[in-house]
Amino acid sequence: MFSVNIDKLIDVSSAEMDTYKDLAENVVKELNGEKTFSVVTGGMGAFKLAYCVHLMGKKVLFIDADISSDVFVGKYKLGKNIAGVMDFLRDVDKAGNIVCHTNKEGFDIIFTGNIDGDSLNTDNEMIMKGLIDSYSKVYDLVLVDSDISGTAAKYSSAAVLMVDENQFSEDEAEDYTEKLEALGCNILGVILNE
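Reading the values: rules and limits
Residues numbered from 1 in each chain as written. Predicted model: local features only at pLDDT ≥ 70, side-chain atom pairs only at ≥ 80, totals over all residues. Heavy atoms only, no water. Buried < 20%, exposed > 50% of the residue type's maximum accessible area, 1.4 Å probe, protein only. Helix = DSSP H or I, 4+ residues; strand = E, 2+ residues; numbered from the N terminus. Pairing = 2+ DSSP bridges. Contact = heavy atoms within 4.5 Å. Axes fitted to C-alpha atoms, helices over the stretch in contact; angles between N-to-C directions. Patch = residues over 30% accessible without salt bridge, like charges linked within 9 Å, V, L, I, M, F, W, Y side chains within 5 Å. Areas by Shrake-Rupley, 256 points an atom, 1.4 Å probe, with all protein chains shown as cover. Salt bridge = Lys/Arg side-chain N within 4 Å of Asp/Glu carboxyl O. Lys, Arg positive; Asp, Glu negative; His and termini not counted. Charge placed at Lys NZ, Arg CZ, Asp CG, Glu CD.

A look at the pairing of strand β3 (residues 60–65)
Line of reasoning, step 1. Across the six residues that make up β3, a large majority, six, are buried.
Line of reasoning, step 2. The sheet contact formed by β3 and strand β5 (residues 107–110) spans four bridges and is parallel. Bridging across to β5, Leu61 finds its partner in Asp108.
Line of reasoning, step 3. Bridge count for β3 against strand β6 (residues 141–146) is six bridges, and the pairing is parallel. Paired with Asp64 across the two strands is Asp145, which belongs to β6.

Okay, structure coming up:
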């Protein structure tokens with residue numbers, strides 16, 4: 001078991017923190033007791049949202065299931081030897097304990113792990129669903145950062161698409177949410193970052 005200090009990752013302006021706190025309250029309200037939520041392409045925004053849910057007194061697990069990049073491993077400069085989601089999906093028995101504690105009690109992380117260009121197949125996706133479901137029995141909320149394809153998002157109770165304002169036009173974001181919904185994602189809306 002290892003732990004990380006997340007103080008630098010949550011060091012934001014009070015205005016930004018207030019925005020994420022409001023968003024966290026809205027998410028918890030919309031979930032209406034459900035315990036799994038995904039943010040498609042959220043990255044650090046998804047992480048900050050998860051932390052703000054934790055500030056509401058919730059025990060939160062953040063899963064970095066964006067298999068297109070290993071943003072958080074890079075942020076922590078821990079190298080690619082940290083077992084995470086992808087290692088678990090490849091071999092459940094060999095992955096060991098993939099939960100990383102943070103310096104904020106009740107707020108834990110599962111990193112992406114070694115992605116090495118892997119993609120998920122149907123068997124892996126069922127394991128992903130099982131992973132999310134099993135941790136939802138231990139945590140008040142499991143917040144999953146999903147890749148752009150919505151691979152992990154379809155296994156959460158609800159999801160949002162979080163994009164930079166210059167990444168998608170309003171019409172493109174709407175079209176993309178429709179594609180995600182066609183894949184089985186329960187998309188609540190789009191969050192545009194300025």
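So, the sheet that holds β6
Note: strands within a sheet are paired through backbone hydrogen bonds, in either parallel or antiparallel orientation.
Line of reasoning, step 1. Taken in spatial order, the eight strands make up an open sheet running β1-β4-β5-β3-β6-β2-β7-β8, and their pairing is mixed. The outermost strands of the open sheet, each flanked by one partner alone, are β1 (3–4) and β8 (187–193).
Line of reasoning, step 2. Contacting β2 (36–40), β7 (158–164) and β8, helix α7 (residues 170–182) runs over the sheet at an angle of about 145° to β8.

Describing a negative patch on the surface
Line of reasoning, step 1. Together, Glu170, Asp171, Glu172, Glu174, Asp175, Glu178 and Glu181 make up a region of like negative charge exposed at the surface.
Line of reasoning, step 2. Summarising the element assignment, Glu172 is placed in helix α7.
Line of reasoning, step 3. Classification of Glu172 by relative accessible area gives partly exposed; the value is 43%.

Everything listed is a geometric property; what it means functionally is a separate question.
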